[in-house]
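Chains, contacts and geometry: an overview
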Amino acid sequence: MRFIIIFFSQLIRNFGASLKMKNLFFIFFFTSINIIYAQDFVIRGFIYDKANGEPMPYEKVKLLKSDSSVVAGAQTDLNGFFQIPKLQKEKYIIKVEIAQYEKAVINVEVIPTQKIYDTRFELVKREIVKEFKEIKLSAEQQRKKTDPDVSKIRLDKKGIERIPSYGAESDILNGLAVTPGVVTTGDQGGQLYVRGGTPIQNKILLDGMTIYNPFHSIGFYSIFETELVKNVDINTGGFESKYGGRISSVMDITYRDGNRQKVEGKVSASPFLAKMVLEGPLGKKMGTSPRTGSYIFSAKHSLLDYTSKSIYPGVNQGNGLPFNFTDLYGKVTLNSSDGSKISAFGFYNSDSVNYSVADLNWQAAGGGVNFLMVPVGSPIFIRGHVNGSSFSTTFQEIGAEPRTSSIGGFDLGFDFSYFLKNEGEINYGFNFNGFNTNFTTYNELQRKIEAKNFTTEIGAYVNFRKIWLRWVLQPGLRTQVYASLGTISLEPRLAVKYNVNEKFRMKLSGGRFSQNFTSASSDKDIVNLFNGLLSAPTNVQENFVNEFQQVKNTKNGLQYAWHAILGAEYDLTRNISLNIEGYYKYFSQLSNINQNKLYDDIAQFALVDDVFKKDFILESGQSLGVDLLMKYNKDRLFLWGVYSLSKSTRWDGFISYYPVFDRRHNVNLVASYLLGKDKSYELNVRWNLGSGLPFTPTAGYYQLINFQNGVTTDYVNENPDNVTTLLGDFNSKRLPYYHRLDVTAKKKIKFQNKTELEIILSVTNVYDRNNIFYVNRITGEEIYQFPVLPSFGLNYKF
């Protein structure tokens, strides 16, 4: 802890933060140290699956006295860790009952000379598997009572695989697309808009690392490997203070470690892609426990450039599907007997798409180290990470200048957890990151806009969860220091849940959020393909008048938002749950590319208003809506129904307009059913309906004279080569309704050598709906989303 304090104070000193801020951080950390040495007795431990050494998250742990009366309970976190504090001298029994596993019990006698008692459970699967519905439901119900869960959806590998797959391959993107409040722009482009936020306002984390572009251009696949997914937390608003740097949503993805007992793998192939996953143990064997380490590696590569012309001859004028992508990922993990571990990982992703009207290419690479530490004699649970990555993209449209964007950055962070009585806890931590951006684009008047920046940020947070009677209270505070911009943002957060009774719960959350990243996409495209990345621009107007006619003096293009969410959960039956939430997001400051720029920002035009010469312009916006989710899960049948009603507006200082992602109505229906005596057959169905997105119609065309020779330009005889569009009223029209039906059928065949073959049949866009994707304003050529696409795939696990 002393090292952390010295390190953090040095960072503050280097980046010129105020003396008041330094004192705040010192008090923060010294207080946490005092907490450590003023505790009662603590019992803690980890729960693992003995078959592969993997931690078991979100499982219920009971603490009983010797007479079997229940004293307390706990639930494991994502690392399989639990802690029960504030105990007295007594003989206790720790009991773990999990469906499909043998019951496990450990006896602990608390004595005055020992404050902390470490335990370790390695659960063994039952040979004869039965359904333990009561155990399953009790853990889920307990979590509902103790976690605010406002605007939060949790998915695992099984949940992702229930959703119909594209090209016979399941993907995280399928799960994100059916989340309440999420709007997708279609089959191609792979962009998600969450409750009024743009893609750059969504933070995507993989094991603590920020992923700048998680989706491939084909729109069916992300860079993530479903086979490796341990947990996905989708926060669509009002998220807790440990998350910073984004103003709309956070998607926190956690990968599992490799198998620590034996070598396993999976290979699969379909007309869309081929992939491989390989994992196994490393290091010495710890008695009867799994080995001390593991490795895991995954690779996938698209096959469409080889297969699509012959299999899908009716697509893209017989030229097939013009997509190509590659994803590589590898991780090595080392574990200790006390539950501490360290992991090192790396990844590489590439993507290219060649339409008849435009080409898009991008590459990403990075790596990092994560660690988890359980200090001996201290009730503090510590996690840390250090990582770095880069991303670059180029977009070239016929008849237009190329647009380019690149970013490279690093991140260092520490998180600390202290567990309280009755499943309460205190979490706090800090992170330090920096990134450089290089961005070039052109507005609709062909004025070049570019920006190069290097930016550093420091963030610190504290989050407190208290369970009191029927209340769950979770206040938090985040301090975000934008050192390079000389700005400090204080961001209070709050989440509250009230358990009215066993079936009905009310909840709310809200807070202030900020971010440095800005994306600049062109409104020349009816559907946007290019989303450049840059840090908050300083080349913005000095004064901004928002939609309420309030004048603000601005120093930079940092983005800010306030969230307010009110909702309720109701368990209609043991198997049917209903969740409804109303939300309001006020984006008090947004930065965007200046489509109104007419002049260069030079002394010659000093008297011209900033909004006509700055590269970027400040905006504000509002988003409000209602999300309804109904879920049914019993035995063989799973149903998921989502309806979202929303409205988003933006104010650019001149007009109020609908952004390109404003979708008034959105419906997602998912059904999954297991057939056969052994449940080896599976049928998955998804139907999506979305009202039309807005776009700016084309009013006409003209040849633009740029007057590069000033007043001596011969505008009478000059004949420019470039044709420029004359636009109609901004985003005044709507595209047609989007809807599509997808179906997937699976059959699992298990062999005596414990290997498994899965046969997958899928049909995307079953009734061949013509959903519009892109219109080139110059040529008028229309490109539709995918037609009906049947596919066949094989998965083999060994």
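Residues numbered from 1 in each chain as written. Predicted model: local features only at pLDDT ≥ 70, side-chain atom pairs only at ≥ 80, totals over all residues. Heavy atoms only, no water.

Here we take up the overall build of the chain. Counting secondary structure elements, the chain contains six helices and 48 strands. When each of the 798 residues of the chain is scored for burial, the buried share is 57%. Relative to all contacts within the chain whose residues are 6 or more apart in sequence, the contacts with residues 24 or more apart total 65%. For the chain, the exposed surface amounts to about 33100 Å²; the carbon and sulfur share of it is 57%. (Helix = DSSP H or I, 4+ residues; strand = E, 2+ residues; numbered from the N terminus. Buried < 20%, exposed > 50% of the residue type's maximum accessible area, 1.4 Å probe, protein only. Contact = heavy atoms within 4.5 Å. Areas by Shrake-Rupley, 256 points an atom, 1.4 Å probe, with all protein chains shown as cover.)

A word on the packing of aromatic side chains. A full pass over the atoms with the stated rule returns 27 aromatic pairs. With a centroid separation of 4.3 Å and an interplanar angle of 10 degrees, the aromatic rings of F81 and F381 are classed as stacked. Separated by 300 residues along the polypeptide, F81 in strand β5 (residues 81-87) and F381 in strand β22 (residues 381-397) bring together distant segments of the chain. Ring geometry for F435 and F517: centres 4.3 Å apart, planes at 25 degrees, overall stacked. Here F435 is found in strand β24 (residues 425-442), whereas its partner F517 is found in the loop between β28 (504-515) and β29 (518-520), with 82 residues between them in sequence. Residue classification places F517 among the buried positions, given a relative accessible area of 6%. Linked through ring pairs, F46, Y48, F81, F381 and F419 together constitute an aromatic cluster. Over the ring of Y58 we find R154; its NZ or CZ atom is 4.1 Å from the centre of that ring. (Phe/Tyr/Trp six-rings, centres within 6.5 Å; stacked < 30°, edge-to-face > 60°. Lys NZ or Arg CZ within 6 Å of the ring centre and 35° of its normal.)

Time to look at the sheet that holds strand β6 (residues 91-96). Reading across the sheet, the four strands line up as β4-β3-β6-β7 and stay open at both edges, with antiparallel pairing between neighbours. Two strands close off the open sheet at either side, each with one partner strand: β4 (70-75) and β7 (104-109). Adjacent strand axes in the sheet meet at a mean angle of 20 degrees when their direction is disregarded. When strand β3 (residues 60-65) meets β4, the two strands line up antiparallel, connected through five bridges. (Pairing = 2+ DSSP bridges. Axes fitted to C-alpha atoms, helices over the stretch in contact; angles between N-to-C directions.)

Okay, the pairing of strand β20 (residues 341-354) next. Sheet topology places strand β19 (residues 323-335) next to β20; 13 bridges connect them, and they run antiparallel. In the strand pairing of β20, D327 is matched with N349. Joining the antiparallel neighbours β19 and β20 is a turn of five residues, in which G339 adopts a positive phi near 100 degrees. Note: β20 against strand β21 (residues 358-373), 14 bridges, orientation antiparallel. Opposite S350, over in β21, you have Q363 as the bridge partner.

Judged by nonpolar contacts, the single largest core of 44 residues is most densely connected at I172, I211, F224, V232, I253, Y255 and W640. The contacts of I253, once residues within four sequence positions are left out, are I172, I204, L205, L206, D207, F224, N231 and V232. (Core = buried A, V, L, I, M, F, W, Y, C linked by side-chain atoms within 4.5 Å.)

On the surface, a cluster of nonpolar side chains totalling about 470 Å² of accessible area is made up of V267, M276, F297, L328, Y348 and F798. Relative to the assigned elements, L328 resides in strand β19. (Patch = residues over 30% accessible without salt bridge, like charges linked within 9 Å, V, L, I, M, F, W, Y side chains within 5 Å. Salt bridge = Lys/Arg side-chain N within 4 Å of Asp/Glu carboxyl O.)

Turning next to the pattern of salt bridges. Side-chain pairs of opposite charge can arise whenever the charged atoms involved come near each other. Evaluation of the coordinates by the stated rule reveals 34 salt bridges. Ionic pairing is found between D207 and K331, a salt bridge with its closest N-O pair at 3.9 Å. Note that D207 is positioned in the loop between β12 (202-206) and β13 (209-210) and K331 in strand β19, a separation of 124 residues in sequence. In terms of burial, D207 and K331 fall into one category: buried. Across the pair D662 and R664 runs a salt bridge whose closest N-O atoms are separated by 3.0 Å. Exposure remark for R664: the relative accessible area of 22% places this residue in the partly exposed category. One connected set of salt bridges, linked through shared partners, spans K144, R195, K497, R505, K507, E569, D571, E581 and D627.

On average, residues of the chain score 85 in pLDDT, and 88% of them are at 70 or above. Ignoring residues within four places in sequence, the model shows residues 1-38, a span with pLDDT below 50, making 41 contacts including any to other chains. Note on residues 522-526: pLDDT is under 50 here. Beyond four places in sequence and across chains, it has 20 contacts. (pLDDT = per-residue confidence, 0-100.)

Turning next to the sheet that holds β12. Spatial strand order, β9-β14-β15-β12-β13: five strands in an open sheet with mixed pairing. One side of each edge strand has no neighbouring strand; the edge strands of this open sheet are β9 (152-155) and β13. In this sheet, strand β15 (residues 249-255) lies alongside β12 in parallel orientation, the contact comprising five bridges. Paired with L205 across the strands is D252, a residue of β15.

Moving on: unusual backbone geometry. Phi is positive for Y58, which is not a glycine, with a value near 55 degrees. Along the chain, Y58 turns up in the loop between β2 (54-55) and β3. We classify Y58 as partly exposed; its relative accessible area is 22%. Positive phi, close to 45 degrees, is recorded for N731, a residue that is not glycine.

In this structure, Q141 sits in helix α3 (residues 133-146). It is 8.8 Å that separates the C-alpha atoms of Q141 and E502, two residues lying 361 residues apart in sequence. Sequence-distant contacts of Q141, that is, excluding residues within four places in its chain, are made with E502, R505 and D571.

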